[in-house]
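Architecture at a glance
Here is how the chains run, residue by residue.
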Amino acid sequence: MTESTHLTGITTTGTPHLGNYAGAIRPAIAASQSGGCGRHFYFLADYHALIKCQDPQRVRQSVREVAAAWLALGLNTERAIFYRQSDIPEILELSWLLGCCAAKGLMNRAHAYKDAVQANAQRGEDPDFGISMGLFSYPVLMAADILLFRASEVPVGRDQIQHIEMARDIAGRFNHIYGDHLVLPQARIAAGAAVLPGLDGRKMSKSYNNSIPLFLPEKQLRKAINKIKTNLLEPGEPKDPADSPLFQIWQAFASPEQTQAMRAEFAAGIAWGEAKQRLFDLLNTQLTAPRARYQELLADPAQIESKLQQGAQRARAQAGPFMQQLRKAVGLCRVA
Ligand code: TRP
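**Details of the side chain of Thr-8**
Tracing the sequence through the fold places Thr-8 in strand E1 (residues 5-11). Judged by relative accessible area, which is 11%, Thr-8 ranks as buried.

Written as structure tokens, this is what we have:
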């Protein structure tokens, strides 16, 4: 029986928010802490960040913040291998080999690229306006991330499933040409992952500008929670949990019993102000300790860096020999 290998990347653009935590960080950390079941790779996808962000200061800052968040929230870096993509040169090398096996037509169908082309068409622009090669070949780089570590399971959000299928497709072609070297990965929707609504009720996302940063200082956290959209129902009027972002956020952080209790409060007409106060208390209780650790880590970037270097070393110990095998497989090796 082969052991399963789990791998996932976090694009480092921006500051981690509650939605990232409930959707990706929390389930990944839980998996890193539970004994048994496979090997875990988590990495900061800073090459991917360059596709969306060309502000060096922001890229640097985001890598720090995301790394600090994962460490502060209790990622077990003994069990999981935690590294920065750009510390692993083998990823870029494999990316080229894969790019030479990936059909351009397949990349044409990638959602992110197609959406950009369509947006250009709607604005009457040239179809390629503002589209970089980085955006176009994004799925090839992502395939390299995954295939280099022979990941069998890739926990991702639904929007990433297509990319995993592309990685399978590219791996299949590589194997067909060069022999059976690459493991075909599978997308997994992480167990316990929640899709969180943002302040306005749409999915919480930095691109919608509706997110609540995970480690806001207490006062600002309270302020942000007060901005969550509600309706005009008065205290005493029953409220519908199903269309309340406030309730959904509650549910993602509360125990089943607490969720039941809040459901009853909604039926009994809890005032919005009171519901917000309770949500603040719930979140603040859970976040106070990791927030302090997060601030500590940010104040000591060398500590973050040392963790990342340890991770890179472990990752490269596997990537190096495997990349050597692949170089040989495609005919890139010393002639004598
Ligand atoms: N593209 C992913 C996202 O935006 C991040 C990512 C990069 C990733 N490389 C990966 C996820 C490899 C899983 C596996 O969410």
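**Some details on the domain arrangement of the protein**
Here the protein is described as being made up of domain 1 (5-194 + 301-330) and domain 2 (215-296). Computed from C-alpha coordinates alone, the two centres of domain 1 and domain 2 are separated by 33 Å. Taken together, the contact between domain 1 and domain 2 spans ten residues of the former and eight residues of the latter. Counting each side, the surface lost to burial between domain 1 and domain 2 is near 850 Å², with a carbon and sulfur contribution of 71%. Linking domain 1 to domain 2 there are zero salt bridges.

**Things to note about the packing of helix H10 (residues 245-253) against helix H11 (residues 256-267)**
Running from amino to carboxyl end, H10 crosses H11 at an angle of 160°, the nearest separation of the two axes being 9 Å. One way to sum up the angle between H10 and H11 is to call them roughly antiparallel. Judged by the sense of rotation from one axis to the other, the crossing of H10 with H11 is right-handed. Contact with H10, carried on its side by Leu-246, Phe-247, Trp-250 and Gln-251, involves Gln-258, Thr-259, Met-262, Arg-263 and Phe-266 of H11 and no other residues of that element.

**Structural notes on the nonpolar core**
Among the nonpolar cores identified, the biggest contains 53 residues, and Leu-18, Trp-70, Phe-82, Ile-212, Phe-253 and Leu-279 are the most heavily contacted of them. Formed jointly, this core draws a minimum of three residues from each of two domains, domain 1 (5-194 + 301-330) and domain 2 (215-296). Non-local contacts of Leu-279, meaning those with residues more than four positions away in its chain, are made with Ile-225, Ile-228, Leu-246, Ile-249 and Trp-250. With 47 residues, the next largest nonpolar core counts Ala-102, Met-142, Ile-164 and Leu-326 among its residues.

**Considering the site of the ligand**
Residues in close proximity to the ligand total 14 residues, the closest being Gly-9, Thr-11, Tyr-138, Asp-145 and Gln-160. The side chain of Thr-11 places a nitrogen or oxygen atom 3.2 Å from an oxygen atom of the ligand. Residue Gln-160 places a side-chain N or O atom 3.1 Å away from a nitrogen atom belonging to the ligand. Computed on the free molecule, the ligand has an accessible area of 370 Å², of which 89% lies beneath the protein chains in the complex. Its residues assigned to classes, the shell around the ligand comprises eight nonpolar, five polar and one charged.

Thresholds, definitions, all that
- Residues numbered from 1 in each chain as written.
- Predicted model: local features only at pLDDT ≥ 70, side-chain atom pairs only at ≥ 80, totals over all residues.
- Heavy atoms only, no water.
- Helix = DSSP H or I, 4+ residues; strand = E, 2+ residues; numbered from the N terminus.
- Buried < 20%, exposed > 50% of the residue type's maximum accessible area, 1.4 Å probe, protein only.
- Domains from an automatic or database assignment.
- Contact = heavy atoms within 4.5 Å.
- Buried area = accessible area lost by both parts, 1.4 Å probe.
- Salt bridge = Lys/Arg side-chain N within 4 Å of Asp/Glu carboxyl O.
- Axes fitted to C-alpha atoms, helices over the stretch in contact; angles between N-to-C directions.
- Parallel < 35°, antiparallel > 145°, perpendicular 65-115°, else oblique.
- Left-handed = near helix turned anticlockwise from the far one by under 90°.
- Core = buried A, V, L, I, M, F, W, Y, C linked by side-chain atoms within 4.5 Å.
- Near = heavy atom within 4 Å.
- Polar contact = N/O pair within 3.5 Å; in protein donor to acceptor, adjacent residues only side chain to side chain.
- Areas by Shrake-Rupley, 256 points an atom, 1.4 Å probe, with all protein chains shown as cover.
- Nonpolar A, V, L, I, M, F, W, Y, C, P; charged D, E, K, R; others polar.

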